[in-house]
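Spelled out from the first residue to the last, the chains are:
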Amino acid sequence: MLTVENLHKSFGGVNAINGIDLNFDEGTLTAVIGPNGAGKTSFFNLITGAFRPDKGRILLGTEDIAGLSSPEIVKRGIGRAFQIASIFPSLTVRETILGAVNAHRGWHTRLARRFPLAEANAQTDEVMDLVGLTPKADTLSGNLSHGDQKLLDIALALALEPRVLLLDEPTAGMGPEERWQMIDTVHQLWQRKRMTLIFIEHDMDIVFKYAQTIRVLSYGTVLAEGKPDEIRNHPKVIEAYLGTAYEKGRG
Amino acid sequence: MRGSTVWRDTAIAVAALVVLVLLPLAFPGKAFSDFVIRLSAFAIFATSLNLLVGYTGLVSFGHGLFYGLGAYSFALMMQKLGTSIPVAFVATLGVSALIATIVGAICIRLKEIYFSFLTLAFQMLLHSIIIAWTPLTGGDQGLTGGVPRPPFLGIRLDDPHHLYVFCCVILVASLYVMWHLVRSPFGYTMRMIRDNPRRAEFLGVRVWRVRLLAFVVAGVFGSVGGLLMSLFVSSAYPDFAYWTISGEAVFMILMGGISVFFGPLVGAVMLLLLNDVVTRMTEHYSLMLGIIILCFALGLRKGLLGFVLWAWARRRASTS
(Lines give C-alpha, C1' and ligand atoms only; values in the text may rest on other atoms or scores of the structure.)
Protein backbone atom coordinates (compact mmCIF):
# COMPACT_ATOMS: atom_id res chain seq x y z
CA MET A 1 0.00 0.00 0.00
CA LEU A 2 2.62 2.55 1.11
CA THR A 3 6.27 1.97 0.30
CA VAL A 4 9.17 4.27 1.05
CA GLU A 5 12.44 3.69 -0.76
CA ASN A 6 15.78 5.25 0.07
CA LEU A 7 14.19 8.40 1.50
CA HIS A 8 16.52 11.26 2.38
CA LYS A 9 15.91 14.71 3.83
CA SER A 10 18.40 17.07 5.39
CA PHE A 11 18.03 20.51 6.94
CA GLY A 12 21.26 22.44 6.64
CA GLY A 13 23.88 19.97 7.77
CA VAL A 14 21.49 17.75 9.71
CA ASN A 15 20.30 14.53 8.09
CA ALA A 16 16.79 14.26 9.47
CA ILE A 17 15.91 11.28 7.29
CA ASN A 18 18.86 9.27 6.13
CA GLY A 19 17.94 6.52 3.70
CA ILE A 20 14.70 5.04 5.04
CA ASP A 21 13.21 1.95 3.35
CA LEU A 22 9.84 0.87 4.71
CA ASN A 23 6.70 -0.88 3.55
CA PHE A 24 3.24 -0.62 5.10
CA ASP A 25 0.77 -3.28 4.01
CA GLU A 26 -2.83 -2.46 3.28
CA GLY A 27 -5.13 -2.45 6.30
CA THR A 28 -2.37 -2.78 8.89
CA LEU A 29 -1.94 -0.92 12.16
CA THR A 30 1.66 0.16 12.58
CA ALA A 31 3.41 2.16 15.29
CA VAL A 32 6.43 4.31 14.54
CA ILE A 33 8.56 4.84 17.62
CA GLY A 34 11.93 6.27 18.43
CA PRO A 35 13.65 8.83 20.64
CA ASN A 36 13.04 12.55 20.24
CA GLY A 37 14.79 13.80 17.11
CA ALA A 38 14.70 10.36 15.49
CA GLY A 39 12.89 11.78 12.46
CA LYS A 40 9.40 10.42 13.09
CA THR A 41 7.48 13.63 12.43
CA SER A 42 9.82 14.51 9.56
CA PHE A 43 8.96 11.12 8.09
CA PHE A 44 5.25 11.99 8.27
CA ASN A 45 5.96 15.43 6.83
CA LEU A 46 7.68 13.88 3.83
CA ILE A 47 4.86 11.43 3.19
CA THR A 48 2.20 14.17 3.39
CA GLY A 49 4.03 16.69 1.23
CA ALA A 50 4.87 19.18 3.97
CA PHE A 51 8.52 18.64 3.02
CA ARG A 52 9.93 17.69 -0.35
CA PRO A 53 12.39 14.78 -0.09
CA ASP A 54 15.98 15.33 -1.23
CA LYS A 55 16.09 11.81 -2.62
CA GLY A 56 14.02 8.65 -2.70
CA ARG A 57 10.56 7.46 -3.64
CA ILE A 58 7.26 7.32 -1.78
CA LEU A 59 4.92 4.89 -3.48
CA LEU A 60 1.21 4.90 -2.75
CA GLY A 61 0.19 1.73 -4.52
CA THR A 62 2.25 2.06 -7.68
CA GLU A 63 2.26 5.86 -7.92
CA ASP A 64 5.27 7.87 -6.76
CA ILE A 65 3.91 10.74 -4.67
CA ALA A 66 7.27 12.12 -3.54
CA GLY A 67 7.44 15.85 -4.10
CA LEU A 68 3.71 16.36 -4.70
CA SER A 69 1.99 19.15 -2.79
CA SER A 70 -0.05 18.39 0.31
CA PRO A 71 -3.44 18.93 -1.40
CA GLU A 72 -2.40 16.60 -4.24
CA ILE A 73 -1.32 13.91 -1.76
CA VAL A 74 -4.56 14.30 0.20
CA LYS A 75 -6.53 13.76 -3.01
CA ARG A 76 -4.68 10.49 -3.49
CA GLY A 77 -5.88 9.18 -0.15
CA ILE A 78 -3.48 10.09 2.65
CA GLY A 79 -4.97 11.78 5.71
CA ARG A 80 -3.16 13.14 8.68
CA ALA A 81 -3.67 14.32 12.26
CA PHE A 82 -1.08 16.34 14.12
CA GLN A 83 0.82 16.12 17.38
CA ILE A 84 -0.69 19.42 18.48
CA ALA A 85 -4.33 19.38 17.37
CA SER A 86 -4.60 21.43 14.20
CA ILE A 87 -8.17 22.67 13.98
CA PHE A 88 -10.23 25.75 13.05
CA PRO A 89 -10.97 27.45 16.38
CA SER A 90 -13.78 29.77 15.27
CA LEU A 91 -15.77 27.06 13.51
CA THR A 92 -18.09 24.68 15.34
CA VAL A 93 -17.38 20.97 15.29
CA ARG A 94 -20.07 20.43 12.66
CA GLU A 95 -18.83 23.30 10.47
CA THR A 96 -15.27 22.04 10.74
CA ILE A 97 -16.09 18.53 9.58
CA LEU A 98 -18.52 19.82 6.97
CA GLY A 99 -15.70 21.98 5.59
CA ALA A 100 -13.43 18.93 5.40
CA VAL A 101 -16.14 16.88 3.68
CA ASN A 102 -16.59 19.68 1.16
CA ALA A 103 -12.87 19.86 0.49
CA HIS A 104 -12.74 16.09 0.02
CA ARG A 105 -15.60 16.17 -2.48
CA GLY A 106 -14.20 19.15 -4.34
CA TRP A 107 -17.14 21.39 -3.41
CA HIS A 108 -15.12 23.87 -1.38
CA THR A 109 -15.05 26.60 -4.04
CA ARG A 110 -18.75 26.46 -4.83
CA LEU A 111 -20.14 29.97 -4.69
CA ALA A 112 -23.80 29.02 -4.88
CA ARG A 113 -25.52 28.51 -1.59
CA ARG A 114 -26.20 24.83 -2.00
CA PHE A 115 -24.76 24.03 1.37
CA PRO A 116 -24.95 22.03 3.46
CA LEU A 117 -25.90 19.37 0.99
CA ALA A 118 -27.71 16.30 2.18
CA GLU A 119 -24.79 14.02 1.27
CA ALA A 120 -22.29 16.27 3.03
CA ASN A 121 -24.53 16.42 6.08
CA ALA A 122 -24.89 12.66 6.21
CA GLN A 123 -21.14 12.11 5.99
CA THR A 124 -20.52 14.79 8.61
CA ASP A 125 -22.93 13.09 11.01
CA GLU A 126 -21.24 9.76 10.38
CA VAL A 127 -17.77 11.14 11.09
CA MET A 128 -18.92 12.93 14.24
CA ASP A 129 -20.51 9.71 15.39
CA LEU A 130 -17.34 7.72 14.67
CA VAL A 131 -15.27 9.85 17.03
CA GLY A 132 -18.06 10.50 19.52
CA LEU A 133 -18.31 14.25 18.97
CA THR A 134 -22.01 14.34 18.04
CA PRO A 135 -23.09 15.82 21.40
CA LYS A 136 -20.63 18.68 20.82
CA ALA A 137 -21.59 19.34 17.20
CA ASP A 138 -22.46 22.99 17.84
CA THR A 139 -19.54 23.75 20.17
CA LEU A 140 -16.83 26.03 18.85
CA SER A 141 -13.73 23.96 18.16
CA GLY A 142 -11.58 26.41 20.09
CA ASN A 143 -13.70 25.78 23.20
CA LEU A 144 -13.29 21.99 23.16
CA SER A 145 -11.15 20.16 25.71
CA HIS A 146 -7.68 19.08 24.66
CA GLY A 147 -8.81 15.49 24.15
CA ASP A 148 -11.80 16.51 22.06
CA GLN A 149 -9.61 18.78 19.94
CA LYS A 150 -7.37 15.79 19.23
CA LEU A 151 -10.44 13.75 18.31
CA LEU A 152 -11.63 16.53 16.03
CA ASP A 153 -8.22 16.61 14.38
CA ILE A 154 -8.56 12.89 13.69
CA ALA A 155 -12.14 13.39 12.52
CA LEU A 156 -10.91 15.92 9.96
CA ALA A 157 -8.60 13.31 8.51
CA LEU A 158 -11.38 10.70 8.57
CA ALA A 159 -13.70 13.03 6.65
CA LEU A 160 -11.29 12.62 3.73
CA GLU A 161 -11.98 8.86 3.66
CA PRO A 162 -8.25 8.15 3.52
CA ARG A 163 -6.65 4.92 2.39
CA VAL A 164 -3.72 5.70 4.69
CA LEU A 165 -4.17 7.56 7.97
CA LEU A 166 -1.16 9.04 9.77
CA LEU A 167 -1.59 9.99 13.43
CA ASP A 168 1.23 11.92 15.06
CA GLU A 169 1.12 11.14 18.76
CA PRO A 170 -2.66 10.87 19.15
CA THR A 171 -2.34 10.66 22.95
CA ALA A 172 0.14 13.53 23.41
CA GLY A 173 -0.62 15.79 26.36
CA MET A 174 -3.31 13.56 27.85
CA GLY A 175 -3.70 12.01 31.29
CA PRO A 176 -3.42 8.20 31.68
CA GLU A 177 -7.17 7.51 31.54
CA GLU A 178 -7.78 9.84 28.63
CA ARG A 179 -4.88 8.22 26.74
CA TRP A 180 -6.42 4.78 26.89
CA GLN A 181 -9.80 6.15 25.87
CA MET A 182 -8.22 7.89 22.90
CA ILE A 183 -6.27 4.88 21.72
CA ASP A 184 -9.33 2.66 22.18
CA THR A 185 -11.24 5.05 19.93
CA VAL A 186 -8.44 4.99 17.37
CA HIS A 187 -8.32 1.21 17.49
CA GLN A 188 -12.09 0.94 16.99
CA LEU A 189 -11.85 3.33 14.04
CA TRP A 190 -9.21 1.17 12.48
CA GLN A 191 -11.25 -1.98 13.03
CA ARG A 192 -14.34 -0.39 11.46
CA LYS A 193 -12.64 1.28 8.53
CA ARG A 194 -9.76 -1.17 7.94
CA MET A 195 -7.57 1.54 6.50
CA THR A 196 -3.79 1.50 6.72
CA LEU A 197 -3.11 3.28 9.99
CA ILE A 198 0.34 4.46 11.05
CA PHE A 199 0.78 6.21 14.37
CA ILE A 200 3.67 7.76 16.23
CA GLU A 201 3.56 7.07 19.95
CA HIS A 202 5.83 7.35 22.98
CA ASP A 203 3.74 5.30 25.41
CA MET A 204 5.18 1.81 25.02
CA ASP A 205 2.31 0.12 26.84
CA ILE A 206 -0.04 1.48 24.20
CA VAL A 207 2.31 0.60 21.36
CA PHE A 208 2.85 -2.97 22.47
CA LYS A 209 -0.83 -3.54 23.15
CA TYR A 210 -2.28 -2.18 19.91
CA ALA A 211 0.30 -2.15 17.12
CA GLN A 212 0.47 -5.12 14.77
CA THR A 213 3.94 -4.12 13.68
CA ILE A 214 6.41 -1.57 14.97
CA ARG A 215 9.04 0.48 13.11
CA VAL A 216 11.79 2.02 15.20
CA LEU A 217 13.58 5.10 13.91
CA SER A 218 16.80 6.50 15.26
CA TYR A 219 18.89 9.31 13.77
CA GLY A 220 16.80 9.26 10.61
CA THR A 221 17.33 5.58 9.90
CA VAL A 222 15.31 2.42 10.56
CA LEU A 223 16.80 0.85 13.65
CA ALA A 224 14.45 -2.12 13.75
CA GLU A 225 11.10 -3.38 12.55
CA GLY A 226 8.95 -6.29 13.52
CA LYS A 227 6.14 -7.52 15.70
CA PRO A 228 5.76 -6.14 19.26
CA ASP A 229 7.46 -9.11 20.90
CA GLU A 230 10.43 -8.88 18.55
CA ILE A 231 10.84 -5.16 19.19
CA ARG A 232 10.45 -5.51 22.95
CA ASN A 233 13.41 -7.86 23.06
CA HIS A 234 15.48 -6.26 20.34
CA PRO A 235 18.89 -5.41 21.87
CA LYS A 236 19.46 -2.34 19.69
CA VAL A 237 16.01 -0.93 20.52
CA ILE A 238 16.52 -1.54 24.21
CA GLU A 239 19.85 0.21 24.06
CA ALA A 240 18.78 3.17 21.95
CA TYR A 241 15.23 3.78 23.11
CA LEU A 242 13.46 1.49 25.56
CA GLY A 243 16.33 1.26 28.05
CA THR A 244 17.17 -1.58 30.39
CA ALA A 245 14.67 -0.31 32.97
CA TYR A 246 11.83 -1.08 30.58
CA GLU A 247 13.25 -4.53 29.92
CA LYS A 248 13.43 -5.24 33.67
CA GLY A 249 10.02 -3.73 34.29
CA ARG A 250 8.52 -6.07 31.75
CA GLY A 251 10.07 -8.88 33.75
CA MET B 1 -29.79 24.34 -0.42
CA ARG B 2 -32.22 24.78 2.37
CA GLY B 3 -35.06 26.31 0.42
CA SER B 4 -36.80 27.78 3.45
CA THR B 5 -33.64 29.68 4.47
CA VAL B 6 -33.23 31.14 1.01
CA TRP B 7 -36.86 32.24 0.91
CA ARG B 8 -36.55 33.73 4.38
CA ASP B 9 -33.39 35.64 3.42
CA THR B 10 -34.99 36.81 0.20
CA ALA B 11 -38.08 37.98 2.06
CA ILE B 12 -35.93 39.89 4.56
CA ALA B 13 -33.93 41.47 1.72
CA VAL B 14 -37.10 42.56 -0.09
CA ALA B 15 -38.55 43.93 3.16
CA ALA B 16 -35.35 45.86 3.84
CA LEU B 17 -35.43 47.26 0.32
CA VAL B 18 -39.06 48.37 0.71
CA VAL B 19 -38.24 50.07 4.01
CA LEU B 20 -35.22 51.82 2.48
CA VAL B 21 -37.25 52.99 -0.53
CA LEU B 22 -40.02 54.30 1.70
CA LEU B 23 -37.75 56.01 4.24
CA PRO B 24 -37.63 59.33 2.33
CA LEU B 25 -41.36 59.68 3.08
CA ALA B 26 -40.39 60.01 6.74
CA PHE B 27 -37.18 61.94 6.02
CA PRO B 28 -37.96 63.98 2.92
CA GLY B 29 -34.83 66.14 2.94
CA LYS B 30 -32.14 65.82 0.29
CA ALA B 31 -29.54 65.37 3.02
CA PHE B 32 -31.11 62.05 3.99
CA SER B 33 -31.26 60.59 0.49
CA ASP B 34 -27.71 61.77 -0.17
CA PHE B 35 -26.62 60.09 3.05
CA VAL B 36 -28.19 56.76 2.02
CA ILE B 37 -26.58 56.92 -1.43
CA ARG B 38 -23.15 57.56 0.09
CA LEU B 39 -23.87 54.83 2.62
CA SER B 40 -24.69 52.40 -0.20
CA ALA B 41 -21.32 53.01 -1.82
CA PHE B 42 -19.32 52.74 1.40
CA ALA B 43 -21.28 49.85 2.90
CA ILE B 44 -20.72 47.69 -0.21
CA PHE B 45 -17.07 48.73 -0.31
CA ALA B 46 -16.42 48.02 3.39
CA THR B 47 -18.35 44.73 3.36
CA SER B 48 -16.37 43.58 0.34
CA LEU B 49 -13.14 44.40 2.17
CA ASN B 50 -14.38 42.38 5.12
CA LEU B 51 -14.66 39.33 2.84
CA LEU B 52 -10.88 39.53 2.79
CA VAL B 53 -10.09 40.82 6.28
CA GLY B 54 -12.77 39.17 8.39
CA TYR B 55 -13.51 36.01 6.44
CA THR B 56 -10.25 35.07 4.72
CA GLY B 57 -7.68 36.63 7.05
CA LEU B 58 -6.15 38.75 4.28
CA VAL B 59 -5.63 42.27 5.59
CA SER B 60 -5.58 44.41 2.46
CA PHE B 61 -4.46 48.00 2.87
CA GLY B 62 -5.09 48.66 -0.81
CA HIS B 63 -8.72 47.72 -1.35
CA GLY B 64 -9.37 51.31 -2.41
CA LEU B 65 -7.71 50.29 -5.68
CA PHE B 66 -11.03 48.74 -6.67
CA TYR B 67 -13.11 51.63 -5.39
CA GLY B 68 -11.09 54.00 -7.57
CA LEU B 69 -11.02 51.55 -10.46
CA GLY B 70 -14.79 51.10 -10.33
CA ALA B 71 -15.40 54.85 -10.27
CA TYR B 72 -12.99 55.69 -13.10
CA SER B 73 -13.82 52.70 -15.31
CA PHE B 74 -17.53 53.39 -15.15
CA ALA B 75 -17.23 57.15 -15.50
CA LEU B 76 -14.77 56.92 -18.40
CA MET B 77 -16.88 54.36 -20.25
CA MET B 78 -19.95 56.55 -19.88
CA GLN B 79 -18.10 59.71 -20.82
CA LYS B 80 -15.74 58.59 -23.58
CA LEU B 81 -17.54 55.60 -25.11
CA GLY B 82 -21.11 56.72 -24.62
CA THR B 83 -22.30 53.25 -23.67
CA SER B 84 -25.51 52.52 -21.83
CA ILE B 85 -25.44 52.31 -18.05
CA PRO B 86 -26.07 48.52 -17.85
CA VAL B 87 -23.27 47.83 -20.34
CA ALA B 88 -20.86 50.14 -18.51
CA PHE B 89 -21.90 48.57 -15.20
CA VAL B 90 -21.19 45.02 -16.37
CA ALA B 91 -18.00 46.06 -18.18
CA THR B 92 -16.76 47.76 -15.00
CA LEU B 93 -17.25 44.53 -13.09
CA GLY B 94 -15.34 42.71 -15.82
CA VAL B 95 -12.44 45.17 -15.75
CA SER B 96 -12.30 44.94 -11.95
CA ALA B 97 -12.32 41.13 -12.07
CA LEU B 98 -9.47 41.15 -14.58
CA ILE B 99 -7.33 43.60 -12.61
CA ALA B 100 -8.13 41.80 -9.35
CA THR B 101 -6.99 38.51 -10.89
CA ILE B 102 -3.67 40.01 -11.97
CA VAL B 103 -3.03 41.96 -8.76
CA GLY B 104 -4.30 39.09 -6.61
CA ALA B 105 -2.09 36.52 -8.35
CA ILE B 106 0.91 38.64 -7.42
CA CYS B 107 -0.15 39.63 -3.90
CA ILE B 108 -1.75 36.54 -2.36
CA ARG B 109 1.41 34.49 -2.42
CA LEU B 110 2.87 36.92 0.08
CA LYS B 111 2.12 36.64 3.75
CA GLU B 112 0.62 39.06 6.24
CA ILE B 113 2.26 42.46 6.27
CA TYR B 114 3.95 41.92 2.89
CA PHE B 115 0.55 41.19 1.36
CA SER B 116 -0.91 44.28 3.04
CA PHE B 117 1.77 46.63 1.77
CA LEU B 118 1.88 45.22 -1.73
CA THR B 119 -1.86 45.79 -2.12
CA LEU B 120 -1.31 49.34 -0.89
CA ALA B 121 1.46 49.76 -3.46
CA PHE B 122 -0.90 48.72 -6.26
CA GLN B 123 -3.50 51.17 -5.04
CA MET B 124 -0.98 54.00 -5.02
CA LEU B 125 0.14 52.94 -8.49
CA LEU B 126 -3.41 53.47 -9.74
CA HIS B 127 -3.54 56.80 -7.93
CA SER B 128 -0.30 57.87 -9.60
CA ILE B 129 -1.62 56.84 -13.03
CA ILE B 130 -4.78 58.87 -12.45
CA ILE B 131 -2.77 61.93 -11.45
CA ALA B 132 -0.27 61.55 -14.29
CA TRP B 133 -2.61 60.66 -17.17
CA THR B 134 -4.28 64.03 -17.25
CA PRO B 135 -5.69 63.90 -20.82
CA LEU B 136 -7.73 60.84 -19.94
CA THR B 137 -8.45 61.20 -16.23
CA GLY B 138 -8.36 64.94 -15.70
CA GLY B 139 -5.39 64.54 -13.36
CA ASP B 140 -5.76 65.95 -9.86
CA GLN B 141 -8.90 67.87 -10.87
CA GLY B 142 -10.78 64.66 -11.53
CA LEU B 143 -13.00 63.95 -14.51
CA THR B 144 -14.59 67.13 -15.76
CA GLY B 145 -17.77 67.44 -17.75
CA GLY B 146 -19.89 65.10 -15.68
CA VAL B 147 -20.90 61.49 -16.20
CA PRO B 148 -23.76 61.10 -18.72
CA ARG B 149 -26.66 59.16 -17.27
CA PRO B 150 -28.90 58.18 -20.20
CA PRO B 151 -32.20 56.52 -19.29
CA PHE B 152 -32.48 52.75 -19.48
CA LEU B 153 -35.55 50.54 -18.94
CA GLY B 154 -37.46 53.62 -17.90
CA ILE B 155 -34.94 54.42 -15.17
CA ARG B 156 -33.52 57.95 -15.20
CA LEU B 157 -30.53 58.16 -12.92
CA ASP B 158 -30.29 61.93 -13.39
CA ASP B 159 -33.50 62.05 -11.35
CA PRO B 160 -32.44 62.09 -7.65
CA HIS B 161 -35.31 59.83 -6.62
CA HIS B 162 -34.50 57.23 -9.29
CA LEU B 163 -30.84 57.38 -8.31
CA TYR B 164 -31.80 56.87 -4.67
CA VAL B 165 -33.90 53.78 -5.45
CA PHE B 166 -31.22 52.43 -7.80
CA CYS B 167 -28.53 52.72 -5.12
CA CYS B 168 -30.81 51.06 -2.55
CA VAL B 169 -31.43 48.16 -4.94
CA ILE B 170 -27.71 47.74 -5.62
CA LEU B 171 -26.93 47.94 -1.89
CA VAL B 172 -29.46 45.30 -0.92
CA ALA B 173 -28.60 43.07 -3.89
CA SER B 174 -24.86 43.27 -3.18
CA LEU B 175 -25.27 42.52 0.51
CA TYR B 176 -27.67 39.69 -0.34
CA VAL B 177 -25.17 38.09 -2.72
CA MET B 178 -22.25 38.51 -0.32
CA TRP B 179 -24.37 37.15 2.56
CA HIS B 180 -25.06 34.00 0.57
CA LEU B 181 -21.46 33.82 -0.52
CA VAL B 182 -20.14 33.62 3.03
CA ARG B 183 -22.66 30.86 3.74
CA SER B 184 -21.72 28.87 0.65
CA PRO B 185 -19.10 26.09 0.69
CA PHE B 186 -16.68 28.74 -0.52
CA GLY B 187 -17.49 30.90 2.50
CA TYR B 188 -16.73 28.01 4.84
CA THR B 189 -13.44 27.44 3.06
CA MET B 190 -12.55 31.12 3.46
CA ARG B 191 -13.09 30.85 7.21
CA MET B 192 -11.05 27.67 7.39
CA ILE B 193 -8.18 29.41 5.64
CA ARG B 194 -8.47 32.41 7.95
CA ASP B 195 -8.24 30.15 11.00
CA ASN B 196 -5.60 27.68 9.87
CA PRO B 197 -4.36 27.74 6.27
CA ARG B 198 -1.83 24.99 6.87
CA ARG B 199 -4.49 22.59 8.08
CA ALA B 200 -6.72 23.53 5.16
CA GLU B 201 -3.93 22.40 2.81
CA PHE B 202 -3.86 19.03 4.54
CA LEU B 203 -7.56 18.71 3.80
CA GLY B 204 -6.88 19.09 0.10
CA VAL B 205 -7.64 22.81 -0.20
CA ARG B 206 -5.44 24.76 -2.61
CA VAL B 207 -5.19 27.77 -0.36
CA TRP B 208 -3.79 30.20 -2.92
CA ARG B 209 -6.64 29.43 -5.31
CA VAL B 210 -9.30 30.14 -2.69
CA ARG B 211 -7.50 33.31 -1.60
CA LEU B 212 -7.31 34.48 -5.20
CA LEU B 213 -11.00 33.82 -5.75
CA ALA B 214 -11.82 35.73 -2.56
CA PHE B 215 -9.61 38.60 -3.72
CA VAL B 216 -11.37 38.76 -7.09
CA VAL B 217 -14.86 38.61 -5.58
CA ALA B 218 -13.97 41.30 -3.04
CA GLY B 219 -12.42 43.42 -5.79
CA VAL B 220 -15.53 43.18 -7.97
CA PHE B 221 -17.83 44.25 -5.14
CA GLY B 222 -15.37 46.95 -4.07
CA SER B 223 -15.63 48.42 -7.55
CA VAL B 224 -19.43 48.53 -7.25
CA GLY B 225 -18.97 50.93 -4.33
CA GLY B 226 -16.82 53.24 -6.45
CA LEU B 227 -19.24 52.96 -9.35
CA LEU B 228 -22.16 54.13 -7.20
CA MET B 229 -20.12 57.04 -5.90
CA SER B 230 -19.20 58.14 -9.42
CA LEU B 231 -22.89 58.02 -10.33
CA PHE B 232 -23.70 60.12 -7.28
CA VAL B 233 -21.07 62.83 -7.79
CA SER B 234 -21.27 62.51 -11.59
CA SER B 235 -17.51 62.38 -11.78
CA ALA B 236 -14.48 60.54 -10.45
CA TYR B 237 -11.68 62.04 -8.38
CA PRO B 238 -8.16 60.87 -7.53
CA ASP B 239 -9.20 60.77 -3.87
CA PHE B 240 -11.32 57.72 -4.74
CA ALA B 241 -8.08 55.83 -5.30
CA TYR B 242 -6.07 57.42 -2.50
CA TRP B 243 -4.89 55.28 0.41
CA THR B 244 -7.21 57.04 2.85
CA ILE B 245 -10.22 55.43 1.18
CA SER B 246 -8.86 52.01 2.18
CA GLY B 247 -8.25 53.38 5.68
CA GLU B 248 -11.85 54.51 5.95
CA ALA B 249 -13.10 51.05 5.00
CA VAL B 250 -10.83 49.50 7.63
CA PHE B 251 -12.21 51.96 10.23
CA MET B 252 -15.77 51.04 9.23
CA ILE B 253 -14.99 47.37 9.75
CA LEU B 254 -13.34 48.07 13.10
CA MET B 255 -16.19 50.25 14.33
CA GLY B 256 -19.01 47.96 13.21
CA GLY B 257 -17.43 44.60 13.91
CA ILE B 258 -15.01 42.44 11.98
CA SER B 259 -16.61 39.13 12.91
CA VAL B 260 -20.18 40.06 12.00
CA PHE B 261 -21.40 40.19 8.41
CA PHE B 262 -23.34 43.43 8.90
CA GLY B 263 -20.56 44.99 11.01
CA PRO B 264 -19.11 46.99 8.09
CA LEU B 265 -22.61 48.30 7.24
CA VAL B 266 -23.07 49.52 10.82
CA GLY B 267 -19.53 50.92 10.76
CA ALA B 268 -20.30 52.77 7.53
CA VAL B 269 -23.38 54.36 9.11
CA MET B 270 -21.32 55.39 12.14
CA LEU B 271 -18.39 56.81 10.23
CA LEU B 272 -20.55 58.75 7.78
CA LEU B 273 -22.67 60.12 10.63
CA LEU B 274 -19.54 61.07 12.52
CA ASN B 275 -18.23 62.76 9.42
CA ASP B 276 -21.44 64.73 8.88
CA VAL B 277 -21.98 65.66 12.53
CA VAL B 278 -18.43 66.30 13.70
CA THR B 279 -17.43 68.39 10.71
CA ARG B 280 -20.37 70.66 11.53
CA MET B 281 -19.24 71.00 15.15
CA THR B 282 -15.51 71.39 14.82
CA GLU B 283 -12.81 71.81 12.25
CA HIS B 284 -10.71 69.23 14.09
CA TYR B 285 -12.53 66.33 12.46
CA SER B 286 -9.45 64.16 12.09
CA LEU B 287 -8.52 64.58 15.75
CA MET B 288 -12.03 63.65 16.90
CA LEU B 289 -12.14 60.68 14.56
CA GLY B 290 -8.73 59.53 15.78
CA ILE B 291 -9.90 59.63 19.40
CA ILE B 292 -13.07 57.72 18.61
CA ILE B 293 -11.21 55.03 16.67
CA LEU B 294 -8.70 54.77 19.50
CA CYS B 295 -11.58 54.17 21.91
CA PHE B 296 -12.87 51.37 19.68
CA ALA B 297 -9.43 49.84 19.29
CA LEU B 298 -8.80 49.87 23.04
CA GLY B 299 -12.23 49.27 24.53
CA LEU B 300 -14.57 47.83 21.92
CA ARG B 301 -12.52 45.49 19.80
CA LYS B 302 -15.52 43.49 18.69
CA GLY B 303 -16.99 46.63 17.12
CA LEU B 304 -20.41 47.99 18.01
CA LEU B 305 -22.53 45.30 16.35
CA GLY B 306 -20.12 42.58 17.43
CA PHE B 307 -20.37 43.79 21.02
CA VAL B 308 -24.18 44.01 20.93
CA LEU B 309 -24.51 40.48 19.55
CA TRP B 310 -21.95 39.16 22.03
CA ALA B 311 -23.77 40.79 24.97
CA TRP B 312 -27.10 39.48 23.72
CA ALA B 313 -25.77 35.93 23.36
CA ARG B 314 -24.29 36.13 26.84
CA ARG B 315 -27.54 37.31 28.32
CA ARG B 316 -29.44 34.53 26.60
CA ALA B 317 -26.96 31.98 27.88
CA SER B 318 -27.23 33.26 31.46
CA THR B 319 -31.04 33.28 31.44
CA SER B 320 -31.25 29.77 29.99
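The model shown is predicted, which means the values in this text are computed figures rather than measured ones.

Engineer: Explain the pattern of salt bridges to me, and be specific about the residues and the numbers.
Structural biologist: Under the definition given, this model contains 17 salt bridges over all chains. As a salt-bridge pair, glutamate 126 of chain A and lysine 193 of chain A come within 3.2 Å of each other at their nearest N and O atoms. Of this pair, glutamate 126 of chain A sits in helix 4 (residues 118-131) while lysine 193 of chain A sits in helix 6 (residues 176-193); the two residues are 67 residues apart in sequence, bridging distant segments of the chain. Looking at glutamate 126 of chain A, the relative accessible area reads 41%, which means it is partly exposed. By relative accessible area, which is 39% here, lysine 193 of chain A ends up partly exposed. The salt bridge involving arginine 38 of chain B is made with aspartate 276 of chain B; its shortest N-O contact spans 3.0 Å. Of this pair, arginine 38 of chain B sits in helix 2 (residues 30-53) while aspartate 276 of chain B sits in helix 12 (residues 263-281), and the two are 238 residues apart along the sequence. A residue is classified by how much of its surface remains accessible, and arginine 38 of chain B, at 17% relative accessible area, is buried.

Engineer: So what about the environment of leucine 157 of chain B? Which residues, and what values?
Structural biologist: All names here are of chain B. Looking at the secondary structure, you find leucine 157 in the loop between helix 6 (134-137) and helix 7 (160-182). With 125 residues separating them along the chain, leucine 157 and phenylalanine 32 place their C-alpha atoms 17 Å apart. What leucine 157 contacts, discounting residues up to four positions off in sequence, is Ile85, Arg149, Phe152, His162, Leu163, Phe166 and Leu231.

Engineer: Provide a residue-level description of the sheet that holds strand 4 (residues 55-60) of chain A, including the pertinent values.
Structural biologist: All names here are of chain A. The sheet built from four strands is open, its strands ordered 2-1-4-5 with antiparallel pairing. Only two strands of the sheet have a single partner each, and these edge strands are strand 2 (14-24) and strand 5 (63-64). As defined by bridge partners, strand 1 (residues 2-11) adjoins strand 2 across eight bridges and the pair is classed as antiparallel. Bridging from a neighbouring strand, histidine 8 pairs with asparagine 18 of strand 2. Along the sheet, helix 1 (residues 40-47) makes contact with strand 1, strand 2 and strand 4, crossing strand 2 at roughly 65°.

Engineer: Lay out the pairing of strand 8 (residues 196-200) of chain A in plain terms, naming residues and giving numbers.
Structural biologist: Residue and element names in this part refer to chain A. Most of strand 8 is tucked away: five of the five residues are buried. Of the two faces of strand 8, the one carrying Thr196, Ile198 and Ile200 and the one carrying Leu197 and Phe199 are both buried. The pairing of strand 3 (residues 29-33) with strand 8 spans four bridges and is parallel. Counted as the bridge partner of threonine 30 is isoleucine 198 from strand 8. This β-α-β element, strand 7 (residues 164-168) to helix 6 to strand 8, shows right-handed connectivity.

Calculation rules
- Residues numbered from 1 in each chain as written.
- Chains lettered and ligands numbered in written order.
- Predicted model: local features only at pLDDT ≥ 70, side-chain atom pairs only at ≥ 80, totals over all residues.
- Heavy atoms only, no water.
- Salt bridge = Lys/Arg side-chain N within 4 Å of Asp/Glu carboxyl O.
- Helix = DSSP H or I, 4+ residues; strand = E, 2+ residues; numbered from the N terminus.
- Buried < 20%, exposed > 50% of the residue type's maximum accessible area, 1.4 Å probe, protein only.
- Contact = heavy atoms within 4.5 Å.
- Pairing = 2+ DSSP bridges.
- Axes fitted to C-alpha atoms, helices over the stretch in contact; angles between N-to-C directions.
- Right-handed = clockwise from strand over helix to strand, strands pointing away.

Purely geometric numbers; function is a separate question.
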